[in-house]
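Topology and contacts: notes
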Amino acid sequence: MANKLLAQMGLHHSIANIFAARNILTAKDALSLTEFELMELLDVGLEEVKSAVAQISEIACPPCQTALLLLENRLHSKDQVGYLSTSLKGLDNALCGGVPFGALTELVGPAGMGKTQFCLKLSILAALPCSHGGLNGRVVYIDTESKFSSRRLMEIGANSFPEVFSVAGKAQEMAGRIIVLQPASLAEFTESLQQIKLSLLQHQVKLLIIDSMAALDSVEYEKDKRVMGQHPLGWHVSFLKSLAEFSRIPIVVTNQVRAHGNDEAFHFPFEAKTRDQKMKHPERFDSLLTAALGIHWAHAVTIRLVLEAYSGQRFLKVAKSPISPPLVFPFEVTSSGIALMEDDGIEVMGPEIHTIRYEGYTDLVCGRSIT
């Protein structure tokens, strides 16, 4: 709550404008200063400062609540605990309904595992009428790698919801509700986010998807990262969390993977075994991977879903969730999108929770993806 924007706190416009003019934009900015420092900086009286600080403190530091009260609020307030169903029964049960509103949900896994397929299905579900389990809203889909496929979107919709997509004009209506942005740089992405915030409520946007965040952490920002000593996406992490809280919609992001460990010899995208081991089994090898973007980003997401593959099977893993134990579900990619092969997840223990397993082909190391 420290990063909550003062502009969202209902302050009187006169004092709110003064805060903004002095570049005091968040609760943390205001509460990090004493009342007398604020008086001097804002050039206002003590009573006005005390009133503003009290209002900011009340919102940024809400009063204590009992577990019973939280449960009652959850049961009676859809705005606070809404969710977008994934249409995957086992996963929805594990997440107490689906992808939660007001939080960041991350999909992480190697290329070709089904992350974009998952996002396309969620886009359709958010655009569907409420009578068919959807949110009857618009979707903003930020496609940073030009992977978005309208043809595949229509195929998933037609196979998943034939009763809707077979009606004349409905397929076009659903597609028209999904707004696709394709920023070519981090600067363009930043501009897109700022525009999105202004239009969320005006255009009934019910879902924001970013596919993918890791692609934005480009080489052109490596120099800035070393100089500034911080992650180049740090501002974006805070902005997205604030945007989720402000808009009360689900925000879903995808993340890529990197080799597990620090040995430079293993920094190929999917390589983790030694050369000798690969020579013995040149056609196939298993890798232990970890999510890209690092620990700063990992702390920002509320739910992390991992897509991995081993023993000839794909698995969807609930690796991080405040409402579910770590669970893994076998799945496959079908004409209708991702489909769970079993609705009962298997609980994951130990280091398997955080590692990402991948059974791939040596051609992947050379940059040729076989999916």
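Just so we're clear, the structure is a prediction, and the values are computed from it rather than from any experiment.

1. Description of helix α12 (residues 186–199)
- Given a rise of 1.5 Å per residue, 14 residues ought to cover 20 Å, and the 20 Å separating the end C-alpha atoms of α12 matches this to within 8%.
- Along α12, the residues that are buried comprise Leu186, Phe189, Thr190, Ser192, Leu193, Ile196, Lys197 and Ser199.
- Buried residues along α12 sit against β4 (138–143), β5 (178–181), β6 (205–211) and α14 (234–247).

2. Observations concerning the nonpolar core
- In this structure, Leu84, Leu91, Phe118 and Leu122 are the most contacted members of the largest nonpolar core, which totals 52 residues.
- Judged by nonpolar contacts, the second largest core, of 28 residues, contains Leu208, Phe239, Ala244 and Val253.

3. Considering the side chain of threonine 190
- Looking at where threonine 190 falls in the secondary structure, it is placed in helix α12.
- On the accessibility criterion, threonine 190 (18% relative accessible area) is buried.
- A distance of 2.7 Å separates a polar atom in the side chain of threonine 190 from a polar atom in the side chain of histidine 236.
- Apart from the residues within four sequence positions on either side, threonine 190 is in contact with Trp235 and His236.

4. Notes on the confidence of the model for the chain
- Here the chain averages 80 in pLDDT, while 81% of its residues score no lower than 70.
- Low pLDDT (under 50) marks residues 262–285, which in the prediction has 45 contacts with non-local residues, meaning those over four places away or in another chain.
- Residue range residues 361–371 is modelled with pLDDT below 50. Its contacts to residues more than four positions away, or to other chains, number 17 contacts.

5. A look at α14
- Taking 1.5 Å per residue, 14 residues should reach 20 Å; α14 reaches 20 Å between its end C-alpha atoms and fits that length.
- Buried within α14 are the following residues: Gly234, His236, Val237, Phe239, Leu240, Ser242, Leu243, Ala244 and Ser247.
- Contact partners of the buried residues in α14: β3 (104–108), α12, β6, β7 (251–255) and α16 (294–300).
- Within two residues after α14, arginine 248 carries a phi angle of roughly 55 degrees, on the positive side.

Scoring rules and cut-offs
Residues numbered from 1 in each chain as written. Predicted model: local features only at pLDDT ≥ 70, side-chain atom pairs only at ≥ 80, totals over all residues. Heavy atoms only, no water. Helix = DSSP H or I, 4+ residues; strand = E, 2+ residues; numbered from the N terminus. Expected span 1.5 Å × (residues − 1). Buried < 20%, exposed > 50% of the residue type's maximum accessible area, 1.4 Å probe, protein only. Contact = heavy atoms within 4.5 Å. Core = buried A, V, L, I, M, F, W, Y, C linked by side-chain atoms within 4.5 Å. Polar contact = N/O pair within 3.5 Å; in protein donor to acceptor, adjacent residues only side chain to side chain. pLDDT = per-residue confidence, 0-100.

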